[in-house]
Amino acid sequence: PNLSVYSATKHGIEGFADALREELEKTNIVTTVIRPGVTDTDFFNAAQMDEFATNMKHKMHSAESVAAEIADALATKKEDVTIGPDKYFMPLLRIFPTHIARKLLRFF
């Protein structure tokens, strides 16, 4: 709830990256999508989402650990990186119908 625009931009980034990959296929340019998950920054305070931040504290990654994974992804030319425990869970959601995936997300 209340994150529809944020979610839409994330889907837009995925589509944009897919299109860029096709356009740049014959070049030496790699398009990398980084999904950092919930990162411990001032974002949630600035967005007045203190309760959300408190509830998600157990899932937050340090900004330093996210930066290290991004540096690794760029050095190894990965096209797709999800950081943290979500990297195992999120791809599985694609095999479930949306209404079931939504229910599963509430547990995590």
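Structure shown above.
Thresholds, definitions, all that
- Residues numbered from 1 in each chain as written.
- Predicted model: local features only at pLDDT ≥ 70, side-chain atom pairs only at ≥ 80, totals over all residues.
- Heavy atoms only, no water.
- Helix = DSSP H or I, 4+ residues; strand = E, 2+ residues; numbered from the N terminus.
- Buried < 20%, exposed > 50% of the residue type's maximum accessible area, 1.4 Å probe, protein only.
- Contact = heavy atoms within 4.5 Å.
- Expected span 1.5 Å × (residues − 1).
- Patch = residues over 30% accessible without salt bridge, like charges linked within 9 Å, V, L, I, M, F, W, Y side chains within 5 Å.
- Areas by Shrake-Rupley, 256 points an atom, 1.4 Å probe, with all protein chains shown as cover.
- Salt bridge = Lys/Arg side-chain N within 4 Å of Asp/Glu carboxyl O.
- Phe/Tyr/Trp six-rings, centres within 6.5 Å; stacked < 30°, edge-to-face > 60°.

Peer 1: Quick question: what am I supposed to make of the overall build of the chain here?
Peer 2: For the chain, the helix and strand inventory stands at six helices and four strands. Starting at the N terminus and ending at the C terminus, the chain contains elements arranged as α-β-β-α-α-β-α-β-α-α. Along the three orthogonal principal directions, the C-alpha set of the chain runs to about 45 × 35 × 25 Å. In the chain, which comprises 108 residues, the proportion classed as buried is 22%.

Peer 1: Sorry if this is basic, but what is going on with the environment of Glu79 here?
Peer 2: Note that Glu79 resides in the loop between helix 4 (63-75) and strand 4 (80-82). Judged by its relative accessible area of 43%, Glu79 falls in the partly exposed class. Note: C-alpha distance between Glu79 and Thr31 (48 residues apart in sequence) is 5.8 Å. Other than its neighbours up to four places away in sequence, Glu79 contacts Arg21, Val30, Thr31, Thr32 and Val33.

Peer 1: What is the right way to look at helix 4 in this model?
Peer 2: Along an α-helix, residues three or four apart share an orientation, since each turn contains 3.6 residues. Its 13 residues give helix 4 an end-to-end C-alpha distance of 18 Å, which sits within 8% of 18 Å, the value for a rise of 1.5 Å per residue. Of the residues flanking the end of helix 4, it is Lys77, one or two places downstream, whose phi is positive at about 60°.

Peer 1: Honestly, a nonpolar patch on the surface in this entry has me stumped. Any pointers?
Peer 2: Together, Leu92, Ile95, Phe96 and Ile100 give the surface a local cluster of nonpolar side chains, amounting to about 370 Å² of exposed area. By the secondary structure assignment, Leu92 is in helix 5 (residues 86-93).

Peer 1: Hey, could you run me through the pattern of salt bridges in this one?
Peer 2: A side chain with one charge can pair with a side chain of the opposite charge if their charged atoms come near. Under the criterion given, the structure shown has five salt bridges. The partner of Glu79 in a salt bridge is Arg21, with the nearest N and O atoms 3.4 Å apart. One end of the pair, Glu79, is in the loop between helix 4 and strand 4; the other, Arg21, is in helix 1 (residues 4-23), with 58 residues separating them in the sequence. Between Lys78 and Asp72 there is a salt bridge, with its nearest N and O atoms 3.2 Å apart.

Peer 1: What's the story with the packing of aromatic side chains in this structure? I'm lost.
Peer 2: Any pair of aromatic rings gets described here by the distance separating the centres and the angle formed by the planes. If you walk through the whole model with that rule in mind, you get one aromatic pair. Both rings, one in Tyr6 and one in Phe43, keep their centres 6.4 Å apart while their planes meet at 40°; by these two values the pair is tilted. Of this pair, Tyr6 sits in helix 1 while Phe43 sits in helix 2 (residues 43-46), and the two are 37 residues apart along the sequence. Judged by its relative accessible area of 42%, Phe43 falls in the partly exposed class.

Peer 1: Can you help me understand unusual backbone geometry in this one?
Peer 2: Residues other than glycine predominantly adopt negative phi, and peptide bonds predominantly adopt the trans conformation. One non-glycine residue, Lys77, lies in the positive phi region at around 60°. The residue Lys77 is located in the loop between helix 4 and strand 4 in this model.

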